[in-house]
Amino acid sequence: MDLEKPWGGRFTAPTNSFVEAFTASVNFDQRLYEYDIKGSIAHATMLAHVGVLTDIECQKIVDGLNEIEQEIADGTFNWLESLEDVHMNIETRLTQKIGVIGKKLHTGRSRNDQIATDIRLYLRDEIDIISQQLIRLITALVELAKCEANTIMPGFTHLQSAQPITFGHHLLAWCEMLMRDKQRLQDCQKRVNTMPLGAAALAGTSYPIDRDYTAKLLGFDAIAQNSLDAVSDRDFAIEFTSIASIIMMHLSRFSEELVLWSSAQFNFIELSDAFCTGSSIMPQKKNPDIPELVRGKTGRVYGHLTCLLTLMKSQPLAYNKDNQEDKEPLFDTVDTLKGSLRVYADMIPSLEVKRDNMRNAAKLGFTTATDLADYLVRKGVAFRDSHEIVGTAVRYCIDNNCELDSLNLETLQTFSPHINDDVYEVLTLEGSVSARNHIGGTAPNQVISAANRLAKLI
Ligand code: ARG
């Protein structure tokens, strides 16, 4: 069954069949149907409120749209590519159902302000869901951090052992990043939740519309103040995708660590079997697929950001068909981000922490050398001199294949007469981490208070 095109009046020849397929968006924008119907119901209600539609007409439209929503949800709705997009499919069906009154729905409206409204309603909901997912992941990390507040591991710079830290502290670094991501989303939500409806095609409409009324019905915080801007810009989608890119970048860094830590060489953690897969040829393999995939999917989201920026960059005001290309990258960004956050939040609680291995690794690489230098400073030695002294001691240990805390006092005193037997306290891993006892430091009690602070914030 083919149906007449709602815009067919000025045309004399039919659309080329490939052009019909090429220009159609219904295969992907049908995903917006709930928002499209919600927006149409609000628009019709407003038209009745200002007297452009009668109450009876409005009621017929609303009932018809509600029935269509049910048909779509039940899977009985017949989507037609020849009707191009979600809007014209629904509107045509409405007219089929309720007759000529259905044709009144589009009074004072254009698909241009309609689609801009649909995407914003969609994204507003998705941002709320993603924020909740971030909270779920942060909560899992905070819980783990509390359990691992006393677990010592090597902290790295340049991926070389640097100083001992607590694993809880390391985990809370991820929480801080994700908390900022959540704030970024909340901020973006303010701009997403602005209503374009009423801008019509580009210049506004000659009907006595009440945009505040429609905005209230749809739960928008604000209405777009310029009709040209309202129908054309997609900066809100770009902003969201840039935040999604930042979140994926954070998850990708995290993934990189999980991949490294679960290797035989680090052996700091074990990912649960439920989140790994094996090899079809090497029987011994257990691969960290989840972190690897999340790391890989980051590229796709960056790609969508580039796509949307490029899509927008050369468009003259106001609406251009180019904007139809905003949906697939946006939808895939949302899906990829939600999938990644979900799988991470599911995976983290089942992480097995190999505390002994972490601790043993922290002992290697002279990680308490800075503590020895600080010790000498407290004894009155200038920091640069103490740095030099400790460097010499480390060199001695490398040459003699031993650790700083295994040197006896006599040997240590050959490097500096300021060293006494109280030095061994600062050379221990526990002494080193507990000494960093200030806000933002790695000491176990700081980790507990930071975890509690975060738990209260979320
Ligand atoms: N499918 C279109 C889009 O996604 C809807 C708006 C079309 N407007 C138009 N004048 N062709 O942007």
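Before reading on, note that the structure itself is shown above.
These remarks concern the structure in this document.

1. Some points on the overall build of the protein chain
Right, so step 1: A count of helices and strands for the protein chain gives 19 helices and six strands.
Right, so step 2: Relative to the 2.2 N^0.38 estimate, which gives 23 Å for 458 residues, the radius of gyration of the protein chain is 31 Å and therefore markedly larger than a compact globule would have.
Right, so step 3: When its C-alpha atoms are laid out on the principal axes, the protein chain stretches across 100 × 50 × 40 Å.
Right, so step 4: In the protein chain, which comprises 458 residues, the share counted as buried stands at 50%.
Right, so step 5: Pairs at least 24 residues apart make up 76% of the contacts formed inside the protein chain by residues separated by at least 6 positions.
Right, so step 6: Each charge class in the protein chain can be summarised by its mean position, and for the 45 positive and 61 negative side chains these summaries are 2 Å apart.

2. Focus: helix α15 (residues 383–400)
Right, so step 1: When the terminal C-alpha atoms of α15 are compared, their 25 Å separation across 18 residues agrees well with the 26 Å that a helix rising 1.5 Å per residue should span.
Right, so step 2: Of all the positions in α15, only Ser 386, Ile 389, Val 390, Ala 393, Val 394 and Cys 397 are classed as buried. Down the axis of α15, the smallest arc covering the buried residues is 140 degrees, so these residues share one side. Exposed positions of α15 whose direction lies more than 90 degrees from the buried face are Arg 384, Glu 388 and Asp 399.
Right, so step 3: Looking at the packing, one finds that the buried side of α15 touches α14 (369–378) and α16 (409–415).
Right, so step 4: Asn 401, located one to two residues past α15, shows a positive phi value of around 55 degrees.

3. Quick notes on the nonpolar core
Right, so step 1: In terms of nonpolar packing, the biggest core is built from 79 residues, with Leu 123, Leu 137, Leu 141, Phe 240, Leu 251 and Tyr 344 touching the most fellow members.
Right, so step 2: Sequence-distant contacts of Leu 123, that is, excluding residues within four places in its chain, are made with Val 192, Phe 236, Ala 237, Phe 240, Leu 330 and Val 334.

4. Re the site of the ligand
Right, so step 1: Taken together, Ser 25, Asp 29, Asp 85, His 87, Arg 111, Asn 112, Ile 115, Tyr 319, Gln 324 and Lys 327 make up the full set of residues adjacent to the ligand.
Right, so step 2: Taking Asn 112, its side chain carries an N or O atom lying 2.9 Å from a nitrogen atom of the ligand.
Right, so step 3: For the ligand, an oxygen atom lies 2.6 Å from a polar atom in the side chain of Lys 327.
Right, so step 4: Within the complex, 87% of the 340 Å² of free accessible area of the ligand lies under protein.
Right, so step 5: Sort the elements by how many residues they give to the shell around the ligand and helix α6 (residues 111–147) lands first, with three residues.
Right, so step 6: Along the lines of polarity and charge, the residues of the shell around the ligand split into two nonpolar, four polar and four charged.

Thresholds applied
- For every chain, the first residue of the written sequence is number 1, and numbering continues from 1 along that sequence.
- Where totals are concerned, whole chains, interfaces and linings use all residues; where local detail is concerned, this predicted model gives features only for residues with pLDDT of at least 70, and gives and counts side-chain atom pairs only at 80 or more.
- The side-chain quantities take in all heavy atoms of the structure and omit both hydrogens and water.
- Numbering of helices and strands starts at the N terminus; helices are DSSP runs of H or I of at least 4 residues and strands are runs of E of at least 2.
- Between the two quantities, the radius of gyration covers C-alpha atoms and the globule rule is 2.2 Å times the number of residues to the power 0.38.
- Between buried and exposed lies partly exposed: a residue is buried under 20% and exposed over 50% of the maximum accessible area for its type, with that area taken using a 1.4 Å probe on protein chains only.
- Whether two residues touch is decided by their heavy atoms; if any such pair falls within 4.5 Å, the residues are in contact.
- Only four residue types enter the charge count: Lys and Arg as positive, Asp and Glu as negative, with His and the chain ends excluded.
- All charge positions are set by atom: Lys at NZ, Arg at CZ, Asp at CG, Glu at CD.
- Here the expected span of a helix is defined as 1.5 Å times the quantity of residues minus one.
- Directions drawn from the helix axis to the C-beta atoms are what define this arc.
- Among buried residues, those of type Ala, Val, Leu, Ile, Met, Phe, Trp, Tyr and Cys that are joined through side-chain atoms within 4.5 Å constitute a nonpolar core.
- Being near a molecule or strand, for a residue, means having at least one of its heavy atoms within 4 Å of it.
- We call two N or O atoms a polar contact when they sit within 3.5 Å, provided that within protein one can donate a hydrogen and the other can accept it, with sequence-adjacent residues counted only if both atoms are side-chain atoms.
- Note on areas: these come from Shrake-Rupley sampling with a 1.4 Å probe, and a residue is covered only by the protein chains present in the view.
- Residues were grouped as follows: Ala, Val, Leu, Ile, Met, Phe, Trp, Tyr, Cys and Pro as nonpolar; Asp, Glu, Lys and Arg as charged; and all remaining residues, including Gly, as polar.

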